[in-house]
Amino acid sequence: MISIALDGVTKRYTKGEHVLTPLENVSLEIASGDFFVLLGPSGSGKTTLLNLLAAIDRPDAGRVIVGGTDLAKLPSGRLASWRSEHVGYVFQQANLVPVLTAYENVELPLWLFPMSRAERHRRVSLALEAVGLLERAAHLPRQLSGGQEQRVAIARAIVADPPLIVADEPTGNLDHESADGVLTLLSRLNVERGKTIVMVTHDPRAAARGTRRMQLDKGQLLDLQPAGTP
Amino acid sequence: MARSLPLDYAVRNLARRPLRTVLSALASALVAALLVAASAFVRGLDSTFAGAARDDVAIVLSSVAQRDVLRSTVSAGAGSLIEADVPEILRVGGTPAVSSEIHSGTNVRLGPLSEARADEVAHPGFVRGVTDRAFLVHEAVTLIEGRPGRTGEVIVGRLAARQMGVPEESLAVGKVLRFEGGEFTIVGRFAAPGTTIEAEIWAPLSELRGLTKRDDSSVVFVRVERPGEFAGLELFALRRLDLELVVIPSSLYYQELVAYFRPIRALAWIMAALIAGAAVFGGSNALNAAVQDRLRELASLCAVGYSTWALARSLAVEALLVAAAGGVAGLALAKVALHGGSIRIAMSAFRLDADAHSVLVGFGGVLLLGLFGTAPAVIRIRRISIATALKEP
């Protein structure tokens, strides 16, 4: 279980002479066990916010506190190991390693922990079973459909049992059926395993799966009605 | 915590761009072979001169010859005078280890005069006029076939053919050579491992004197009882100013020869370094291209929790695997190419041998260069912006 707090977060990018500010003085709290959905137009800073939560990027101002850790103060050398212990990242594209099988892709995060081969096998099998792809374990990514690849990516995100899963447009490249499968999987992880999920999406149908939704526009957050509320 | 990517990742990445991998491995093989060859050349050159040097042997030559044995002329009786005057001389079975010799760079023709053709070629050879006493001062010399030569006969070193640039069988026992107007039958072959002597032809001293119309010797080799005990010999040279002699310990003489060939050694290494540099540049470019191709994948591995150091290590493993595979092929190539090979240099020749030291230089060198070639890619990975790289197409 993990809670998240953003306090006066500002993030700027410099492109040539232009300074872009996708996030300006943003504050937000996400409770442990939430399925938080972030909506917004392209370039509104959704992915930037997600990257800050996942310790992939640092804010220029403000604090990002995840599970009690102020990520802005975490030394650079600790960020990678913090990510491996606390966050499972699901990208818009599955980003699987093409030369490794589905099994080996899912196993990747486990190499970061001192763990026996048998234990790794047990966890990878459970993760693949959870996403319904155990029988595809020996397949290379190119032998899988887009939906299957994304499910393998989800298995990779959950295999080390991180308390937080961040998903950046996880259904953006999928057909309806595959998208439904992925969203159902994320809902189950939230409900059955208590994972805190932060998902960025354009898709209103995907957004409907969240327990809480917010809109990010021009660097500012707007609270939307809870899912299911008329 | 174990924080490295699995070895399988590095191994399988090599198959992603087979042509690039093969070309990099070929470049590594070439560099390894060149490093082995350069090392074998330099070691052969050094050991050839070092092998001929002995702490208990001095060379007596003309003080006006500027240490050039080919230009040196020493009175024919100098050897006998030294024997009589210098008590430290080693005696083997009562025979003093003093060898008066003529050293001559000359043109050697193959076959008897009766079979000579108008278009026959003269080969540059190094002929040493000696007596049986030469074996007392040049201990490295061992007859490996036949017997010592008498009048009208010669013995040849096993690298003499190579030095002259003629086929081995041309200098087999029983063959005939002609030089300085004389005709000689080869009656023996000798080895003198790791010395310049191995590329020489040994003829009877008195006969060579007659043919070259000399009544002197080039040098006198003197072996003393204890290493470095040349004071008596030097005193003799100082007292007999009329003979105009200078005494040089053979170790010093050959050291000076090694120094003389230093620019050639340097050139060998420079050539190897230039080619190695080009290979490193090529390999480095290939790795950089590999990083560019995989930027998003590498960023996603970072997002999973791998540090950029872990990615850099995996990349280094890839480079080392290619370098090692190429290195092994290069060593095999060098072994085959150098097998039985020898190099002609000035009036001598020496064997090329891919010994353990050269193999270590070749293989170790190529691994180091492989590692060095990863530097630009490693720097690039270390500077990777995960957020930006995740957006790469």
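What you see is a predicted model, and the numbers here were worked out from it, not measured in a lab. (Residues numbered from 1 in each chain as written. Chains lettered and ligands numbered in written order. Predicted model: local features only at pLDDT ≥ 70, side-chain atom pairs only at ≥ 80, totals over all residues. Heavy atoms only, no water.)

Draft legend 1. Representation of the sheet that holds strand S5 (residues 69–70) of chain A. Residue and element names in this part refer to chain A. Across the sheet, which stays open at both edges, the four strands sit in the order S2-S1-S4-S5 with antiparallel pairing between neighbours. Each edge of the open sheet carries a strand with a single partner, namely strand S2 (18–30) and S5. Inspection of the sheet shows strand S1 (residues 4–15) paired to S2 by eight bridges, in the antiparallel sense. In the strand pairing of S2, Ala5 is matched with Glu29. (Pairing = 2+ DSSP bridges. Helix = DSSP H or I, 4+ residues; strand = E, 2+ residues; numbered from the N terminus.)

Draft legend 2. The arrangement of the side chain of A:Glu107 in detail. All names here are of chain A. Along the chain, the position of Glu107 falls in helix H3 (residues 102–107). The class of Glu107 is buried, set by a relative accessible area of 9%. Once residues within four sequence positions are removed from consideration, Glu107 is found in contact with Arg120 and Val124. (Buried < 20%, exposed > 50% of the residue type's maximum accessible area, 1.4 Å probe, protein only. Contact = heavy atoms within 4.5 Å.)

Draft legend 3. Representation of helix H3 (residues 78–85) of chain B within the structure. Every buried residue of H3(B) is listed here: B:Ala78, B:Gly79, B:Ile82 and B:Glu83. For H3(B), the angular spread of buried residues about the axis comes to 135°, placing them on one side. (Arc of directions from axis to C-beta.)

Draft legend 4. Broad picture of the interface of chain A and chain B. In this complex, chain A contributes 25 residues to the contact, which on the side of chain B involves 24 residues. The three residues of chain A that bury the most area against chain B are A:Val99, A:Trp111 and A:Leu112, which together make up 27% of that side's buried surface. One can count one salt bridge joining chain A with chain B. The partner of A:Glu104 in a salt bridge is B:Arg12, with the nearest N and O atoms 2.5 Å apart. Counting across the chain A and chain B interface gives six residue pairs in polar contact (both at pLDDT 80 or more). Ranked by residues supplied to the side of chain A that touches chain B, first place goes to helix H2 (residues 76–86) of chain A with five residues. Per-class residue counts for the side of chain A that touches chain B are 14 nonpolar, six polar and five charged. (Buried area = accessible area lost by both parts, 1.4 Å probe. Salt bridge = Lys/Arg side-chain N within 4 Å of Asp/Glu carboxyl O. Polar contact = N/O pair within 3.5 Å; in protein donor to acceptor, adjacent residues only side chain to side chain. Nonpolar A, V, L, I, M, F, W, Y, C, P; charged D, E, K, R; others polar.)

Draft legend 5. Geometry of the packing of aromatic side chains. Inspection of every chain in the model, using the stated rule, returns six aromatic pairs over all chains. Taken together, a centroid distance of 5.1 Å and an interplanar angle of 40° make the contact between B:Phe190 and B:Trp202 tilted. You can see B:Phe190 sitting in strand S10 (residues 182–191) and its partner B:Trp202 sitting in strand S11 (residues 201–204), a full twelve residues away along the chain. Following the ring pairs from residue to residue traces out a cluster consisting of B:Phe135, B:Phe190 and B:Trp202. For A:Arg120, the ring lying beneath its charged end belongs to A:Trp111, and the centroid distance is 4.0 Å. Above the ring of A:Tyr13, the side-chain terminus of B:Lys391 is found at 5.9 Å from the ring centroid. (Phe/Tyr/Trp six-rings, centres within 6.5 Å; stacked < 30°, edge-to-face > 60°. Lys NZ or Arg CZ within 6 Å of the ring centre and 35° of its normal.)

Draft legend 6. Representation of the sheet that holds strand S9 (residues 212–217) of chain A. Residues and elements named next belong to chain A. Read from one edge of the open sheet, six strands run S6-S7-S8-S3-S9-S10, paired in mixed fashion. Bordering the open sheet on either side are strand S6 (87–90) and strand S10 (220–223), each of which pairs with just one other strand. Strand-to-strand twist across the sheet, computed as the mean angle between neighbouring axes with direction ignored, equals 20°. Pairing between strand S7 (residues 164–168) and strand S8 (residues 196–201): five bridges, direction parallel. By the bridge assignment for S8, Val166 is matched with Val198. (Axes fitted to C-alpha atoms, helices over the stretch in contact; angles between N-to-C directions.)

Draft legend 7. Spatial organisation of the confidence of the model for chain B. Per-residue confidence for chain B averages 89 on the pLDDT scale, and 98% of its residues sit at or above 70. For this predicted complex, the interface confidence reaches an ipTM of 0.87, while the overall pTM sits at 0.74. (pLDDT = per-residue confidence, 0-100.)

Draft legend 8. Representation of the environment of B:His339. Positionally, B:His339 belongs in the loop between helix H11 (308–338) and strand S15 (342–345). Counting along the chain gives twelve residues from B:His339 to B:Arg351, while the straight-line C-alpha distance between them is 9.3 Å.

Draft legend 9. Quick peek at the nonpolar core. Formed by 102 residues in total, the largest nonpolar core has its most connected members in A:Leu6, A:Ile154, A:Leu186, A:Val198, A:Met199, B:Leu301 and B:Tyr306. With seven residues, helix H10 (residues 295–304) of chain B is the single largest residue contributor to this core. In contact with B:Leu301, other than residues within four places in its own chain, are A:Val97, A:Leu108, B:Leu5, B:Tyr9, B:Tyr306 and B:Leu311. Counting residues in hydrophobic clusters, the runner-up holds 30 residues, among them B:Val42, B:Leu136, B:Val258 and B:Phe261. (Core = buried A, V, L, I, M, F, W, Y, C linked by side-chain atoms within 4.5 Å.)

Draft legend 10. Seen up close, the side chain of A:Asn190. Residues and elements named next belong to chain A. Turning to its location among the elements, Asn190 is positioned in helix H6 (residues 176–193). A distance of 3.4 Å separates a polar side-chain atom of Asn190 from the backbone oxygen of Asp34. Those residues in contact with Asn190 that lie beyond four places of it in its chain are Gly33, Asp34, Phe35, Lys195, Ile197 and Thr211.

Draft legend 11. Looking closely at the domain arrangement of chain B. Residues and elements named next belong to chain B. Taken domain by domain, chain B holds domain 1 (7–50 + 261–390) and domain 2 (56–226). Using only C-alpha atoms to locate each centre, domain 1 and domain 2 end up separated by 46 Å. Listed as interface residues are twelve residues of domain 1 and, on the opposing side, 15 residues of domain 2. Applying the counting criterion to the domain 1 and domain 2 interface returns zero salt bridges. Run the count over domain 1 and domain 2 and you get zero residue pairs in polar contact (both at pLDDT 80 or more). Mapped by element, the contributors of at least two residues to the side of domain 1 that touches domain 2 are helix H2 (18–52), S15 and strand S16 (348–351). (Domains from an automatic or database assignment.)

Draft legend 12. Quick look at the packing of H11(B) against helix H12 (residues 356–373) of chain B. Residues and elements named next belong to chain B. Across the interface, H11 lies against H12 with an axial gap of 8 Å and an inter-helix angle of 155°. Judged by the inter-axis angle, H11 sits roughly antiparallel to H12. Our pair here, H11 against H12, has a crossing hand that is right-handed. For the pair H11 and H12, contact is made by Ala316, Ala319, Leu320, Ala323, Ala324, Gly327, Val328 and Leu331 and by Val359, Phe363, Val366, Leu367, Gly370 and Leu371, respectively. (Parallel < 35°, antiparallel > 145°, perpendicular 65-115°, else oblique. Left-handed = near helix turned anticlockwise from the far one by under 90°.)

Draft legend 13. Layout of helix H5 (residues 146–158) of chain A. With 13 residues, H5(A) should reach 18 Å at 1.5 Å per residue; the first-to-last C-alpha distance of 19 Å fits that figure. Among the 13 residues of H5(A), ten are classified as buried, and the element is accordingly described as predominantly covered. When H5(A) is considered as a whole, its buried residues turn out to be A:Gly147, A:Gln148, A:Gln150, A:Val152, A:Ala153, A:Ile154, A:Ala155, A:Arg156, A:Ala157 and A:Ile158. The inward-facing, buried residues of H5(A) abut S6, H3, helix H4 (117–130), S7 and H6 of chain A together with H10 of chain B. (Expected span 1.5 Å × (residues − 1).)

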